[in-house]
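# Structural overview for review
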2 protein chains.
Amino acid sequence: MKNPRPQHGKRGPRPRQLVTLRDIAREAGVSASTVSRIINGTVKVSDELTASVEAAIAKHDFRPDAAARGLALGRTFTIGVLSQAIDSPFYAEGLRGVERRLLAAGYAALFMSGNWNVADEERCMRKFIDHGVDGIIMFSGCLDNAAVKDFGKRCPIVMTGRHLPVAHTYSLPIKDRLGATLAMRHLIGLGHRRIAFIAGSETHPDALERLAGYLEALQEARIPFDPRLVVRGDWREEGGLIATTQLLEAGRAFTAVFCVNDQTAHGAYLALFRHGLKVPDDVSVVGFDDLPSSSYSLPPLTSVRQSVRVLGERAAEAVLALVAGRRPKVESPPVELVVRDSTRRL
Amino acid sequence: MKNPRPQHGKRGPRPRQLVTLRDIAREAGVSASTVSRIINGTVKVSDELTASVEAAIAKHDFRPDAAARGLALGRTFTIGVLSQAIDSPFYAEGLRGVERRLLAAGYAALFMSGNWNVADEERCMRKFIDHGVDGIIMFSGCLDNAAVKDFGKRCPIVMTGRHLPVAHTYSLPIKDRLGATLAMRHLIGLGHRRIAFIAGSETHPDALERLAGYLEALQEARIPFDPRLVVRGDWREEGGLIATTQLLEAGRAFTAVFCVNDQTAHGAYLALFRHGLKVPDDVSVVGFDDLPSSSYSLPPLTSVRQSVRVLGERAAEAVLALVAGRRPKVESPPVELVVRDSTRRL
DNA sequence: GTGAGATCTGCAACCGGTTTCACAAGACTG
DNA sequence: CAGTCTTGTGAAACCGGTTGCAGATCTCAC
């Protein structure tokens, strides 16, 4: 005699499957294989049987068990998405894009945050593998290439930012340098010569490239580089606040600030505000990323826009292609400068 | 003769499991059950065998297949988390809290966005079920009670905001009304009498409760309610901008604005700015939620704080308890008013 | 009427773990 | 030294889907 299925709360963790494919098969008077075929539409089944099976499915609101299907099929229809912090407005935009695209394809996303440190990133990646994701999207992580390559052996990976020539891996570059020069040319075109730069972390590739763009634009305009106008931030408001305060208190003369990203610019705003300086009357400010909130800052911020949301969508597109065994054919979204009210002609 | 395992890109979607538990067993000269027991520590196994099995595991970097384990165990160690939008700074904070707590417990989170509409929410919930999540966290959804109850039959649910008396369901109320009265009392205490309110959507329970708090505080102070001072927003910057502009252009006299949330307040800021009004000199503004960015708005925003991150952590705590068959013992985080520079005495 | 071909369906073997149960060996008791 | 109790291990049966293969039925042509 078969013992009854374990009930909910007691010991059995889940009530297992309430109703299984074989239950449906029995009820409809067919075999399990037929039910499976009808659900997946893999082979033509007579209308008669289809109808009776569908009736049984509807009656019990049957949904095939994900784990069982995953086991049989060898895929879980889940993609791991690694960002640095889910509550960073920058990454959030990207995740949004990823989510949309994946959902449309019937995939779900497992989001995890690397917190800007290697150990956490590694842990996340490991967890992705353990959860059996079909693919991984990495938003410009700090994991070294060898490690990524290693994970790449277990499942396809799409990276934004970095380029990595590994099989079953795809890279979606971010046009950091170009974006930075756009911002700088804008300021220079308005007559600014003393332009400060609030940088990101010293190791992050995106940060380095943006700095490179800053330098390139200066050189292009034959403006001598003054290292005292470059201060390190931390990608966040706080860093921008501290760095700008530092510049101001050190008495550095500057008429404009280019910030490595919008959050930094918001911090800079506050520092300027506290020192009684007005944007753009006293100092012009340009950001990078064009966060949604930036069009609501006071004054609305001029910023470099490379839609992170679109980047996310494309990354999702690419990872789906990899999973399906196709070669992805997607490009990074275009970069442009969005001019608002935080910059003015000298 | 056994045919070789399918290779990566070609036909088989995934390379299946590179190395299985039975492979390890064979290599270590033991049975599969022993390996399983060693991995999970369910039963004591002799040190000798343990050592040789662990060696084999390490050698091949073996990781048990999630789908297979999920099938056998009846759980997937995955929790579905429904918010309205992953890129909303409000929800992002909550998701962050959820993520932390779940990760610590070895669970992963499947995040999905309901986009403030019932159809999407329902679709998300269905997807959660299809993916076999062990539990669900809903951040104040708009799904009706009956539907939630229905999903509750399939897996445990924790809701924030709403209260729902259903088995295997737990609610974590948000102290909307109390928070709103705190904000209002602050303004009234500063001498304001003409206080506008920018509301949220008309149906959302949180929005209604905050409105109720607004009314309650007015009544408490014996200030007559002027319906023309209440305008509907949409929880976002844009709604705040439009609503405030409307108030200003209709020539309504007011000395303070209480906004249903911080994003709305940021929109209000911009509207006031565009009309040449200064905060707090001309108009005082109070928000709700105390988003991280609010301490960087100009001027820094006075706001009601009920840590959404902590709320997320507690929700995660609760859902883990439910999954384990325990009764959750968690409470909503406290509410307090954070006074910054956007309000002044009349 | 029979054979070839096409179409539909069921059996049974898988996917890769976990767990019940039985059994063997060692530890204790009397 | 027989008998009971513990303890460690393996064989085999699950979990709930998918799918290769073979057999059944039906069509059509000669």
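In what follows, the accompanying structure is described. (Residues numbered from 1 in each chain as written. Chains lettered and ligands numbered in written order. Predicted model: local features only at pLDDT ≥ 70, side-chain atom pairs only at ≥ 80, totals over all residues. Heavy atoms only, no water.)

### Considering the interface of chain B and chain A
How big an interface is tends to be stated in terms of the accessible area lost upon association of its parts. Counting residues at the interface gives 69 residues for chain B and 69 residues for chain A. Across the chain B/chain A interface, buried area totals approximately 6000 Å², and carbon plus sulfur atoms make up 58% of it. Here chain B is connected to chain A by 18 residue pairs in polar contact (both at pLDDT 80 or more). Secondary structure elements with two or more residues in the side of chain B that touches chain A: α4 (66–73), α5 (89–104), β2 (108–113), α6 (118–130), α7 (145–154), α10 (237–249), α11 (262–274) and α12 (308–323) of chain B. For the side of chain B that touches chain A, the leading source of residues is α4 of chain B, giving seven residues. Looking at the side of chain B that touches chain A, its residues break down into 32 nonpolar, 17 polar and 20 charged. (Contact = heavy atoms within 4.5 Å. Buried area = accessible area lost by both parts, 1.4 Å probe. Polar contact = N/O pair within 3.5 Å; in protein donor to acceptor, adjacent residues only side chain to side chain. Helix = DSSP H or I, 4+ residues; strand = E, 2+ residues; numbered from the N terminus. Nonpolar A, V, L, I, M, F, W, Y, C, P; charged D, E, K, R; others polar.)

### Looking at the sheet that holds strand β10 (residues 302–305) of chain B
All names here are of chain B. In space, the six strands of this open sheet follow the order β7-β6-β8-β9-β10-β11, with mixed pairing throughout. A single partner strand is all that each edge strand has here, and the edge strands are β7 (230–232) and β11 (336–338). Across the sheet, the mean angle separating the axes of adjacent strands is 20 degrees when strand polarity is ignored. Pairing of strand β6 (residues 195–199) with strand β8 (residues 256–259) involves four bridges; the strand directions are parallel. (Pairing = 2+ DSSP bridges. Axes fitted to C-alpha atoms, helices over the stretch in contact; angles between N-to-C directions.)

### Details of the protein's contact with DNA strand D
Every one of the 29 residues lining DNA strand D counts as a neighbour, but Arg22 and Ser36 of chain A together with Thr34, Arg37 and Ser46 of chain B are closest to it. Taking the atoms of DNA strand D that fall within 4 Å of the protein, sugar and phosphate contribute 62% of them. Here a sugar or linking oxygen of DNA strand D and a backbone polar atom of aspartate 65 of chain A are 3.4 Å apart. Threonine 34 of chain B is positioned with one of its side-chain polar atoms (N or O) 2.5 Å from a phosphate oxygen of DNA strand D. If you list the elements that add at least two residues to the surface near DNA strand D, you get α1 (21–28), α2 (32–40) and α4 (66–73) of chain A together with α2 (32–40) and α4 of chain B. Considering every element that reaches the surface near DNA strand D, the biggest residue donor is α4 of chain A, with five residues. (Near = heavy atom within 4 Å.)

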